[in-house]
Amino acid sequence: MGKKRSKLEIIHDILQLIRQKSGRIKPTHILYKSNLSYSMMSDYLEELIGKGFIKQIKLPDGKNTYEITKKGDEYLAKYRLVMEFTDSFGLNT
Amino acid sequence: MVQLYLIPEWFVNISILMELIVTLVAFGIAFVSWRVYRITNERDIQLFSLGFLSIAISYLLWSLLNWIMLKHVELNIEALRVSRIEILGATLLISYFALFVIGWVTLNYATFKSKGIRNYVLLVGLALLTIYLSANKATAFYIATIFLSMIMMAHYYLEYFRKKNVRRLLTFFSFLLIFISRAELFFSSQSYAHYIAGHSIEMVGYIILLVNLIIVMKNGQEKK
């Protein structure tokens, strides 16, 4: 069994999932791939929208999809620095 | 009358230089933390940055205070006895005390799991009031900062044993040195040897933090 992921690692995994799906993904796919409960996934998606990392897009059929933003892409690009920093200075967010 | 510390004449300029070095290191950590905060929007990282910013400004004020002392106090005595703080830059000294304590409380608070504005105000308020209401403000200040640095050191000790790596060991070691330096500075009103030792150990602690920061920046570079 793998170690418990930190919050920053989970955010990275969700953004990476969206990026792998050409920048847009359905919530069911996130739920399937992210190893999170529905409630946790909803909380994370809400937080990611609040941080401006993703945006919610409503499709004509009424379903939601999530699209990665420029800020979300920047998070993925600078992820190594973020992890090095938080790990070194004991900020396990 | 409050006696803060004793400095030998030959060490005044060196101590100002050391304080400026610590100021630069603390500003550097605050700057990198702020960059990481801008990427992540995480409150803990923002607090960490603001904590180091507060410490950096406090050291800048301390170096300014020592520089003013150097200009005001006669140099033909064996040691500069800093007394009557009301006359010698009391505003600078009080600002230094306040910013230093706020900085350390903020650093501690950033590592807490549960947060809330009331908790933060309580911690800052208690720390500042204890110093303000104390008959010997310098002693209260040193004891408060020894305690705050000890809690940080304990945090990094546990962090290191939770996941052992060189960077965490360096962080723990630097905070250990800062804690020892605070304890040394506590005795600096009795002998200037403690002031010299405290200042020197403190600078080494901050330089280790700088080395760690450089490693973080180097390892954290984007892959081309």
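Residues numbered from 1 in each chain as written. Chains lettered and ligands numbered in written order. Predicted model: local features only at pLDDT ≥ 70, side-chain atom pairs only at ≥ 80, totals over all residues.

## A look at the overall build of chain B
Argument step 1. Along the backbone of chain B there are seven helices and two strands.
Argument step 2. The helix and strand sequence of chain B, counted from the amino end, reads β-α-α-β-α-α-α-α-α.
Argument step 3. Every one of the 224 residues in chain B was classed for burial, and the buried ones make up 43%. (Helix = DSSP H or I, 4+ residues; strand = E, 2+ residues; numbered from the N terminus. Buried ≥ 20, exposed ≤ 12 C-beta atoms within 10 Å, placed from the backbone.)

## Thoughts on the sheet that holds strand β1 (residues 24-25) of chain A
All names here are of chain A.
Argument step 1. Reading across from one edge, β1-β3-β2 is the order of the three strands in this open sheet, with antiparallel pairing throughout. Edge positions in the sheet fall to β1 and β2 (54-58), since each has one partner strand and no second.
Argument step 2. Here two bridges tie β1 to strand β3 (residues 64-68), and the two strands are oriented antiparallel to one another. Paired with Arg24 across the strands is Glu67, a residue of β3.
Argument step 3. Each of β1, β2 and β3 is contacted by helix α1 (residues 7-20), which is oriented at about 100° to β3, the strand it contacts most. (Pairing = 2+ DSSP bridges. Contact = placed C-beta atoms within 7 Å. Axes fitted to C-alpha atoms, helices over the stretch in contact; angles between N-to-C directions.)

## A few points about the interface of chain B and chain A
Argument step 1. With 22 residues of chain B at the interface, the matching set in chain A holds 17 residues.
Argument step 2. Among the elements of the structure, α1 (12-40), α2 (43-72), α5 (137-162), α6 (166-186) and α7 (192-219) of chain B are those that each provide at least two residues to the side of chain B that touches chain A.
Argument step 3. Sorting elements by how many residues they give to the side of chain B that touches chain A places α1 of chain B first, with four residues.

## So, the pairing of β3 of chain A
Residues and elements named next belong to chain A.
Argument step 1. The pairing of β2 with β3 spans five bridges and is antiparallel. Bridge pairing links Gln56 to Tyr66 in β3.
Argument step 2. The antiparallel pairing of β2 with β3 creates a hairpin that spans five residues between the two strands, and Gly62 there sits at a positive phi of about 90°.

## Observations concerning the packing of α1 of chain B against α7 of chain B
Angle between the axes and distance between the axes are the two parameters that describe a pair of packed helices.
Residue and element names in this part refer to chain B.
Argument step 1. Two numbers describe how α1 lies on α7: the axes approach to 10 Å, and their chain directions differ by 30°. Classified by the angle their axes make, α1 and α7 are roughly parallel. Note on packing geometry: the crossing formed by α1 with α7 is left-handed. Only His199, Glu202, Met203, Tyr206, Ile207, Leu209, Leu210, Leu213 and Met217 of α7 make contact with α1, whose side of the interface consists of Ser15, Met18, Ile21, Val22, Val25, Ala26, Gly28, Ile29 and Val32. (Parallel < 35°, antiparallel > 145°, perpendicular 65-115°, else oblique. Left-handed = near helix turned anticlockwise from the far one by under 90°.)

## Focus on the confidence of the model for chain B
Close inspection of predicted coordinates is inappropriate for parts of the model with low pLDDT.
Residue and element names in this part refer to chain B.
Argument step 1. For chain B, per-residue confidence averages 87 on the pLDDT scale, and 89% of positions sit at 70 or higher.
Argument step 2. The spread of mean pLDDT over the elements of chain B runs between strand β2 (residues 79-81), the lowest at 53, and α6, the highest at 94.
Argument step 3. Scoring the predicted complex yields pTM 0.87 and, for the interface, ipTM 0.84. (pLDDT = per-residue confidence, 0-100.)

## Topic: the environment of Leu209 of chain B
Residue and element names in this part refer to chain B.
Argument step 1. By the secondary structure assignment, Leu209 is in helix α7.
Argument step 2. On the basis of neighbour count, Leu209 is assigned to the buried category, with 25 C-beta atoms found within 10 Å.
Argument step 3. Linking Leu209 and Arg168, residues 41 residues apart in sequence, is a C-alpha distance of 10 Å.
Argument step 4. Among residues more than four places away in sequence, those in contact with Leu209 are Val25, Ile29 and Ser174.

## Let's talk about the nonpolar core
Argument step 1. By size, the foremost hydrophobic cluster in this structure holds 79 residues, and its most contacted members are Ala26 and Val101 of chain B.
Argument step 2. Top contributing element to this core by residue count: α2 of chain B, with 13 residues. (Core = buried A, V, L, I, M, F, W, Y, C linked by C-beta atoms within 7 Å.)

## Things to note about the environment of Ser149 of chain B
Residues and elements named next belong to chain B.
Argument step 1. One can find Ser149 in helix α5.
Argument step 2. Expressed as a C-alpha distance, the spacing of Ser149 and Arg182, which sit 33 residues apart in the sequence, is 7.8 Å.
Argument step 3. In this view, Ser149 contacts Trp104, Phe175, Ile178, Phe179 and Arg182; residues no more than four positions away in its chain are not counted.

## Re the packing of helix α3 (residues 90-110) of chain B against α5 of chain B
Residues and elements named next belong to chain B.
Argument step 1. Two elements in contact, α3 and α5, have axes whose closest approach is 9 Å; the angle formed by their N-to-C orientations is 20°. Between α3 and α5, the crossing angle belongs to the class labelled roughly parallel. Considering only the axes of α3 and α5, their crossing is left-handed. Note on element contacts: α5 touches α3 through Phe141, Ala144, Thr145, Leu148, Ser149, Ile151 and Met152, opposite Phe97, Phe100, Val101, Trp104, Val105, Leu107 and Asn108.
Argument step 2. Taken together, the residues that form the contact of α3 with α5 break down as 11 nonpolar, three polar and no charged. (Nonpolar A, V, L, I, M, F, W, Y, C, P; charged D, E, K, R; others polar.)

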